[in-house]
Amino acid sequence: MRRRPPSVLAVLLGFALVVLAAFPAAASSYRYWSFWDAPAGGSWSYATVGPSMARPADGSVQGFRFAVSQDASAEAARPRAAADFAAICGATPAAEGKKRVALVVDFGVPADAPSGENPPQEAPRTACAQVAPDATTAEALASVAKPLRYNGAAMLCAISGYPAQGCGEPVASPAADSSDPTAAPSPAPGGGPSAAEAGGGPSAGLITGLAAVAALAAAGIWQSRRRPR
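Here the structure is a predicted model, which is why all the values come from computation and not from measurement. (Residues numbered from 1 in each chain as written. Predicted model: local features only at pLDDT ≥ 70, side-chain atom pairs only at ≥ 80, totals over all residues. Heavy atoms only, no water.)

Some words on the pattern of salt bridges
Opposite charge on two side chains makes pairing possible when the charged atoms of those side chains draw close. What counts is decided by this rule: Here, a salt bridge means any side-chain nitrogen of Lys or Arg that lies within 4 Å of a carboxyl oxygen of Asp or Glu. In DSSP terms, a helix is any run of H or I states spanning at least four residues, a strand is any run of E spanning at least two, and both are numbered starting from the N terminus. In this scheme, a residue with accessible area under 20% of its type's maximum is buried, one over 50% is exposed, and one in between is partly exposed, where area comes from a 1.4 Å probe on protein chains only.
Under the definition given, this model contains three salt bridges. With a closest N to O distance of 3.2 Å, Glu 169 and Arg 31 form a salt bridge. Highlighted residues: Glu 169 in strand S9 (residues 169–171) and Arg 31 in strand S1 (residues 29–38), separated in sequence by 138 residues. In this structure Arg 31 comes out as buried when scored by relative accessible area, which is 14%. Among the ionic pairs, Asp 106 bridges to Arg 65, the shortest N-O distance being 3.8 Å. Remark: Arg 65 occurs in strand S3 (residues 60–70) and Asp 106 occurs in strand S5 (residues 99–106); sequence separation between them is 41 residues. Within the structure, one salt-bridge network assembled from shared partners comprises Arg 65, Arg 80 and Asp 106.

Here is the structure:
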(Lines give C-alpha, C1' and ligand atoms only; values in the text may rest on other atoms or scores of the structure.)
Protein backbone atom coordinates (compact mmCIF):
# COMPACT_ATOMS: atom_id res chain seq x y z
CA MET A 1 0.00 0.00 0.00
CA ARG A 2 1.36 3.36 -1.02
CA ARG A 3 2.37 5.58 1.86
CA ARG A 4 0.24 8.70 2.14
CA PRO A 5 2.09 12.03 2.13
CA PRO A 6 1.93 14.10 5.31
CA SER A 7 -1.10 16.32 5.56
CA VAL A 8 -0.68 20.01 4.95
CA LEU A 9 -1.91 20.72 8.48
CA ALA A 10 0.70 18.45 10.02
CA VAL A 11 3.52 20.05 8.03
CA LEU A 12 2.40 23.57 8.90
CA LEU A 13 2.12 22.60 12.57
CA GLY A 14 5.71 21.36 12.48
CA PHE A 15 6.75 24.64 10.88
CA ALA A 16 5.08 26.63 13.68
CA LEU A 17 6.76 24.51 16.36
CA VAL A 18 10.20 25.13 14.80
CA VAL A 19 9.60 28.89 14.76
CA LEU A 20 8.38 28.98 18.36
CA ALA A 21 11.28 26.85 19.57
CA ALA A 22 13.82 29.07 17.81
CA PHE A 23 12.91 32.36 19.47
CA PRO A 24 13.91 31.47 23.09
CA ALA A 25 17.32 30.28 21.85
CA ALA A 26 17.86 33.50 19.89
CA ALA A 27 17.16 35.52 23.04
CA SER A 28 19.88 33.83 25.11
CA SER A 29 22.41 36.26 26.57
CA TYR A 30 25.54 35.80 28.67
CA ARG A 31 27.59 37.98 31.00
CA TYR A 32 31.28 37.41 30.24
CA TRP A 33 34.69 38.79 29.25
CA SER A 34 35.15 38.78 25.47
CA PHE A 35 38.64 38.72 23.95
CA TRP A 36 39.66 40.90 20.99
CA ASP A 37 42.70 41.13 18.77
CA ALA A 38 44.39 43.83 16.70
CA PRO A 39 47.75 42.37 15.57
CA ALA A 40 48.97 45.54 13.88
CA GLY A 41 46.67 47.99 15.61
CA GLY A 42 43.67 49.47 13.86
CA SER A 43 40.25 47.88 14.23
CA TRP A 44 39.24 45.21 16.73
CA SER A 45 38.35 41.69 15.62
CA TYR A 46 37.14 38.87 17.83
CA ALA A 47 40.02 36.54 18.71
CA THR A 48 39.93 33.08 17.13
CA VAL A 49 41.53 31.40 20.17
CA GLY A 50 41.40 32.01 23.91
CA PRO A 51 43.95 34.20 25.72
CA SER A 52 45.72 31.16 27.16
CA MET A 53 46.42 29.92 23.61
CA ALA A 54 47.13 33.21 21.82
CA ARG A 55 50.79 34.21 21.45
CA PRO A 56 50.80 37.80 20.19
CA ALA A 57 53.76 39.19 18.33
CA ASP A 58 55.70 42.24 19.45
CA GLY A 59 53.65 45.31 18.60
CA SER A 60 50.27 43.59 18.97
CA VAL A 61 47.23 45.05 20.72
CA GLN A 62 44.91 42.77 22.69
CA GLY A 63 41.59 43.82 24.18
CA PHE A 64 39.05 42.57 26.73
CA ARG A 65 35.48 43.77 27.26
CA PHE A 66 33.06 42.78 30.00
CA ALA A 67 29.46 42.94 28.86
CA VAL A 68 26.14 41.16 28.55
CA SER A 69 25.99 39.79 25.01
CA GLN A 70 23.44 37.71 23.18
CA ASP A 71 24.26 34.45 21.41
CA ALA A 72 25.18 34.05 17.73
CA SER A 73 22.09 35.97 16.61
CA ALA A 74 23.25 39.22 18.23
CA GLU A 75 26.32 41.40 18.61
CA ALA A 76 29.08 41.70 21.18
CA ALA A 77 30.54 45.01 22.34
CA ARG A 78 34.13 45.79 21.46
CA PRO A 79 36.52 47.53 23.87
CA ARG A 80 35.72 51.24 23.93
CA ALA A 81 39.36 52.35 23.60
CA ALA A 82 41.26 52.45 20.33
CA ALA A 83 43.67 49.65 19.46
CA ASP A 84 46.61 52.05 19.34
CA PHE A 85 49.95 50.42 20.12
CA ALA A 86 51.92 53.68 19.94
CA ALA A 87 49.63 55.41 22.41
CA ILE A 88 49.78 52.54 24.89
CA CYS A 89 53.38 51.32 24.57
CA GLY A 90 55.11 54.35 23.07
CA ALA A 91 56.68 55.31 26.39
CA THR A 92 57.95 51.76 27.06
CA PRO A 93 61.33 51.24 25.38
CA ALA A 94 62.00 47.98 23.58
CA ALA A 95 64.18 45.53 25.51
CA GLU A 96 66.31 42.67 24.22
CA GLY A 97 64.69 39.28 24.81
CA LYS A 98 61.28 40.84 25.46
CA LYS A 99 58.20 41.74 23.46
CA ARG A 100 55.71 44.52 24.08
CA VAL A 101 52.00 43.82 23.99
CA ALA A 102 49.52 46.67 24.36
CA LEU A 103 46.49 45.70 26.45
CA VAL A 104 43.06 47.32 26.71
CA VAL A 105 40.82 46.18 29.56
CA ASP A 106 37.27 47.55 29.38
CA PHE A 107 35.26 46.75 32.53
CA GLY A 108 32.04 47.74 30.79
CA VAL A 109 29.06 49.72 32.00
CA PRO A 110 27.15 49.49 35.32
CA ALA A 111 24.09 48.03 33.55
CA ASP A 112 26.12 44.94 32.66
CA ALA A 113 27.57 44.43 36.15
CA PRO A 114 26.41 41.47 38.24
CA SER A 115 23.98 42.23 41.06
CA GLY A 116 25.71 44.05 43.91
CA GLU A 117 28.82 44.94 41.88
CA ASN A 118 30.05 47.87 39.82
CA PRO A 119 32.87 48.17 37.27
CA PRO A 120 36.17 49.09 39.01
CA GLN A 121 36.51 52.11 36.75
CA GLU A 122 34.42 53.85 34.11
CA ALA A 123 37.01 54.31 31.37
CA PRO A 124 38.90 51.41 29.81
CA ARG A 125 42.29 50.65 31.35
CA THR A 126 45.37 50.41 29.14
CA ALA A 127 48.77 48.91 29.94
CA CYS A 128 51.93 47.90 28.12
CA ALA A 129 53.05 44.39 29.06
CA GLN A 130 56.71 43.58 28.48
CA VAL A 131 57.01 39.80 28.50
CA ALA A 132 59.02 36.90 27.09
CA PRO A 133 58.86 36.40 23.30
CA ASP A 134 56.82 33.20 23.64
CA ALA A 135 54.41 34.53 26.30
CA THR A 136 50.67 34.09 25.80
CA THR A 137 48.12 36.85 26.05
CA ALA A 138 47.02 35.39 29.38
CA GLU A 139 50.57 35.73 30.71
CA ALA A 140 50.81 39.31 29.42
CA LEU A 141 47.47 40.13 31.04
CA ALA A 142 48.53 38.55 34.34
CA SER A 143 51.62 40.75 34.41
CA VAL A 144 49.55 43.94 34.52
CA ALA A 145 46.00 43.09 35.70
CA LYS A 146 46.06 40.52 38.51
CA PRO A 147 44.21 38.75 39.95
CA LEU A 148 42.73 36.74 37.08
CA ARG A 149 40.13 34.05 37.59
CA TYR A 150 39.36 31.11 35.30
CA ASN A 151 36.82 28.31 35.46
CA GLY A 152 37.45 24.59 34.92
CA ALA A 153 37.09 24.98 31.16
CA ALA A 154 39.84 27.64 31.08
CA MET A 155 37.33 30.41 30.39
CA LEU A 156 38.47 33.80 31.65
CA CYS A 157 36.00 34.78 34.39
CA ALA A 158 37.54 37.85 36.06
CA ILE A 159 40.22 40.47 35.43
CA SER A 160 41.65 42.43 38.36
CA GLY A 161 39.17 40.53 40.50
CA TYR A 162 36.13 41.74 38.52
CA PRO A 163 33.56 40.36 38.73
CA ALA A 164 33.94 38.72 42.13
CA GLN A 165 31.61 35.86 41.21
CA GLY A 166 30.08 34.25 38.16
CA CYS A 167 31.47 33.15 34.82
CA GLY A 168 29.56 33.37 31.56
CA GLU A 169 26.21 32.87 33.25
CA PRO A 170 23.05 33.20 31.13
CA VAL A 171 21.06 36.39 31.52
CA ALA A 172 17.34 36.71 30.78
CA SER A 173 17.77 39.68 28.45
CA PRO A 174 20.60 42.03 27.46
CA ALA A 175 20.96 45.20 29.52
CA ALA A 176 19.57 48.24 27.76
CA ASP A 177 22.72 50.31 28.37
CA SER A 178 25.08 47.68 26.98
CA SER A 179 24.49 48.68 23.35
CA ASP A 180 27.64 49.95 21.73
CA PRO A 181 28.30 51.51 18.31
CA THR A 182 31.55 49.52 18.15
CA ALA A 183 29.85 46.15 17.93
CA ALA A 184 30.71 42.96 16.08
CA PRO A 185 29.31 39.42 15.66
CA SER A 186 29.00 37.73 19.02
CA PRO A 187 30.72 34.44 19.90
CA ALA A 188 29.65 31.75 22.27
CA PRO A 189 31.21 32.58 25.66
CA GLY A 190 34.62 31.09 26.22
CA GLY A 191 35.23 30.01 22.67
CA GLY A 192 35.89 31.25 19.18
CA PRO A 193 33.40 33.32 17.23
CA SER A 194 30.17 31.69 16.08
CA ALA A 195 28.52 32.24 12.72
CA ALA A 196 26.32 35.32 12.99
CA GLU A 197 24.63 38.00 10.99
CA ALA A 198 25.36 41.64 11.74
CA GLY A 199 22.40 43.57 13.04
CA GLY A 200 21.00 40.93 15.34
CA GLY A 201 19.08 38.94 12.73
CA PRO A 202 18.36 35.21 13.00
CA SER A 203 21.31 32.87 12.79
CA ALA A 204 22.20 31.06 9.56
CA GLY A 205 21.21 27.72 11.08
CA LEU A 206 17.79 29.03 12.01
CA ILE A 207 17.19 30.44 8.53
CA THR A 208 18.26 27.14 6.93
CA GLY A 209 15.95 25.16 9.19
CA LEU A 210 12.98 27.39 8.49
CA ALA A 211 13.63 27.21 4.76
CA ALA A 212 13.73 23.41 4.91
CA VAL A 213 10.44 23.21 6.79
CA ALA A 214 8.84 25.70 4.41
CA ALA A 215 9.94 23.50 1.50
CA LEU A 216 8.30 20.49 3.14
CA ALA A 217 5.11 22.49 3.59
CA ALA A 218 5.09 23.45 -0.08
CA ALA A 219 5.68 19.82 -1.07
CA GLY A 220 2.77 18.70 1.09
CA ILE A 221 0.44 21.24 -0.53
CA TRP A 222 1.55 20.20 -4.03
CA GLN A 223 1.05 16.51 -3.30
CA SER A 224 -2.39 17.12 -1.78
CA ARG A 225 -3.48 18.89 -4.95
CA ARG A 226 -2.29 15.98 -7.12
CA ARG A 227 -4.19 13.42 -5.06
CA PRO A 228 -7.28 12.00 -6.87
CA ARG A 229 -10.55 13.27 -5.41
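Notes on the environment of Asp 58
Rules: Between two residues, a contact is recorded if the distance between any of their heavy atoms is within 4.5 Å. The term polar contact refers here to a pair of N or O atoms within 3.5 Å; inside protein, the definition further demands a hydrogen-donor-capable atom paired with an acceptor-capable atom, and it admits residues adjacent in sequence only when both atoms are side-chain atoms.
Within the secondary structure, Asp 58 sits in the loop between strand S2 (45–46) and S3. The class for Asp 58 is partly exposed, based on a relative accessible area of 47%. Between the C-alpha atoms of Asp 58 and Gln 130, which are 72 residues apart in sequence, the distance is 9.2 Å. Those residues within four positions of Asp 58 in sequence are excluded, and the remaining contacts are Lys 99 and Arg 100. A polar side-chain atom of Asp 58 sits 2.7 Å from the main-chain amide nitrogen of Arg 100.

Some remarks on unusual backbone geometry
Here the bond from Lys 146 into Pro 147 is cis, since omega is -5°, no more than 30 degrees from zero. Omega for the peptide link from Tyr 162 to Pro 163 comes to -5°, which places this bond in the cis form. On the secondary structure map, Pro 163 appears in the loop between strand S8 (156–158) and S9. At Ala 154, a position not held by glycine, the phi torsion is positive, near 65°. Inspection of the secondary structure puts Ala 154 in the loop between strand S7 (149–150) and S8. Backbone geometry places Ser 160, a non-glycine residue, at a positive phi of 50°. Within the fold, Ser 160 resides in the loop between S8 and S9. Here Ser 160 falls in the partly exposed class, since its relative accessible area comes to 21%.

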